[in-house]
Amino acid sequence: MKKLLPILVFLAFLAFGYQIIVTFFITEHHVKYSLISSDQRHYTISESYQRTGKRHHYSFFIKSKNKAYSTAVFNDFNKQDRIITDIKYYKKNNLQCIFPIYKKNHTFDVSCLLDDRQVSSFYLEKTKNEDFSFITKKFKEDGYDEIYFHFDDEATKEDNLSIYYDYIPENYLFTIWNYRGIYVINSEGIENKEFLNEDHYENTLSIIAGKYYVTINTDEEEEKLNYNQIILYNLQDGRKTLVDVELSQDSYFNGTVNGKVYITDPRSKVQYVLDPSNKKIQEVSNPKEVVNSKLKNAGKDFFDTSHVDSKKVANKKITSLYDTTDIKENNGDFYFKTNDGKLYRIIQNKYEYPILLCQFDDIKEWQVHDDGLSFIVDDTLYFYSDLYGVKPIVKNLEFNYNYKNITHFIREE
């Protein structure tokens, strides 16, 4: 026993040291493993993990025989690998669904194949798929949280809005321009933050930079030829700061790079960069274009036309396979919209296995960042995340008429 004790202490020390190394130094891993589920089905799983700051991103490509599913979760499993411990399987006619079970019995959204093509639970519900209705009853019998495949919660009336608080993931907040400021909405409630004394209908002079809502004071725009103040509103601590400027009314935001805002005044032929963190603005000596949140050297005709970042990316593979250039990227995953109104996601560069998230005739203002996707259809703002899938967030009749740059979202650390 005396000889065994030092060995046990040494092994404990090694385990502790390994955990320290994993916690502070490991930022990604890629593993492949096999799993025999509780119903004796065999799966091969390709698991990728990446940590960015405080955020943890796991993605999975799961195969069983000739069937393949893609899924992802943004959750902290202490950087552990092989975190899928079981997979529940459900089938009805030409619909097959799996429900992965993660360590500590965590569950998230279901993954389904309809005619061997992966589709979201939202798409199945929206198209009133009767087989999915049958399968969801099995989910309930097995005790899984209905939030993943439940879509008929009632909205809460707030001012002129209808808000689905239960569908807003924790640590996310949404903003809606209301002509004098913004509504700030999270899972706990809503606040109305007024910045202006007079209504400004078209919200062309606002942008999100990290945790800051950046807008221009337009109260005196009819009397003066210039804008004199930029308003910085910290969405996390609620503090407002004013930055004095002298910008012509032709000025516009190019976009953001690393939390800084690039602003062009074509009348004065000057570009500025604003750093909300230190509340300073300065002239850019050599103007830059902002393309997908990255800087690109500007041409000699830069001030002749406007240059606003669309945040689109080029991907020849997606364009070739799906005939679209409307492509966006977040954390290595690609999202794209086709001409028939379908929104897809591609995980782990598995281009032949896209996930059909939804289909609408008229998707407006779709944006991808901070591990989420939002878009407007008619009077409704929808949001897609790995936690809840596609869910309605806010209904606002004003979206039918005014939707350009009117909504934003951020994920708080």
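The rules behind each value
- Residues numbered from 1 in each chain as written.
- Predicted model: local features only at pLDDT ≥ 70, side-chain atom pairs only at ≥ 80, totals over all residues.
- Heavy atoms only, no water.
- Salt bridge = Lys/Arg side-chain N within 4 Å of Asp/Glu carboxyl O.
- Helix = DSSP H or I, 4+ residues; strand = E, 2+ residues; numbered from the N terminus.
- Pairing = 2+ DSSP bridges.
- Axes fitted to C-alpha atoms, helices over the stretch in contact; angles between N-to-C directions.
- Patch = residues over 30% accessible without salt bridge, like charges linked within 9 Å, V, L, I, M, F, W, Y side chains within 5 Å.
- Areas by Shrake-Rupley, 256 points an atom, 1.4 Å probe, with all protein chains shown as cover.
- Lys, Arg positive; Asp, Glu negative; His and termini not counted.
- Charge placed at Lys NZ, Arg CZ, Asp CG, Glu CD.
- Buried < 20%, exposed > 50% of the residue type's maximum accessible area, 1.4 Å probe, protein only.
- Polar contact = N/O pair within 3.5 Å; in protein donor to acceptor, adjacent residues only side chain to side chain.
- Contact = heavy atoms within 4.5 Å.

This brings us to the pattern of salt bridges. Going through the model one piece at a time under the given rule, you end up with 18 salt bridges. Between D379 and K395 there is a salt bridge; the shortest N-O distance is 3.8 Å. A residue pair is termed long-range when its members are at least 10 positions apart, and D379 in the loop between β29 (372-377) and β30 (380-385) and K395 in strand β31 (residues 389-396) qualify at 16 residues. One salt-bridge network, held together by shared partners, links K312, D326 and K337.

Taken in spatial order, the four strands of this open sheet run β13-β12-β11-β32, and their pairing is antiparallel. Of all the strands in the sheet, just β13 (189-194) and β32 (407-411) have a single pairing partner and so form its edges. With direction set aside, neighbouring strand axes in the sheet form an average angle of 20 degrees. In terms of strand pairing, strand β11 (residues 172-177) meets β32 through five bridges, oriented antiparallel.

Take a negative patch on the surface next. A cluster of acidic side chains, namely E125, D145, E146, D152 and E154, defines a negative patch on the protein surface. Relative to the helices and strands, E146 is located in the loop between α3 (130-141) and β9 (156-158). Assessed through its relative accessible area of 33%, E146 is described here as partly exposed.

Assignment of secondary structure puts H369 in strand β28 (residues 364-369). In this structure the side chain of H369 is engaged in a polar contact, spanning 3.3 Å, whose partner is the side chain of Q367. Setting aside its immediate chain neighbours within four residues, H369 contacts N330 and F409.

In the case of a regular strand, side chains alternate between the two sheet surfaces. Here six bridges tie strand β12 (residues 181-186) to β13, and the two strands are oriented antiparallel to one another. Note that in β13 the partner of G181 across the bridge is E194. What sits between β12 and β13 in their antiparallel hairpin is a turn of two residues.

As far as function goes, none of this settles anything; it's purely spatial.
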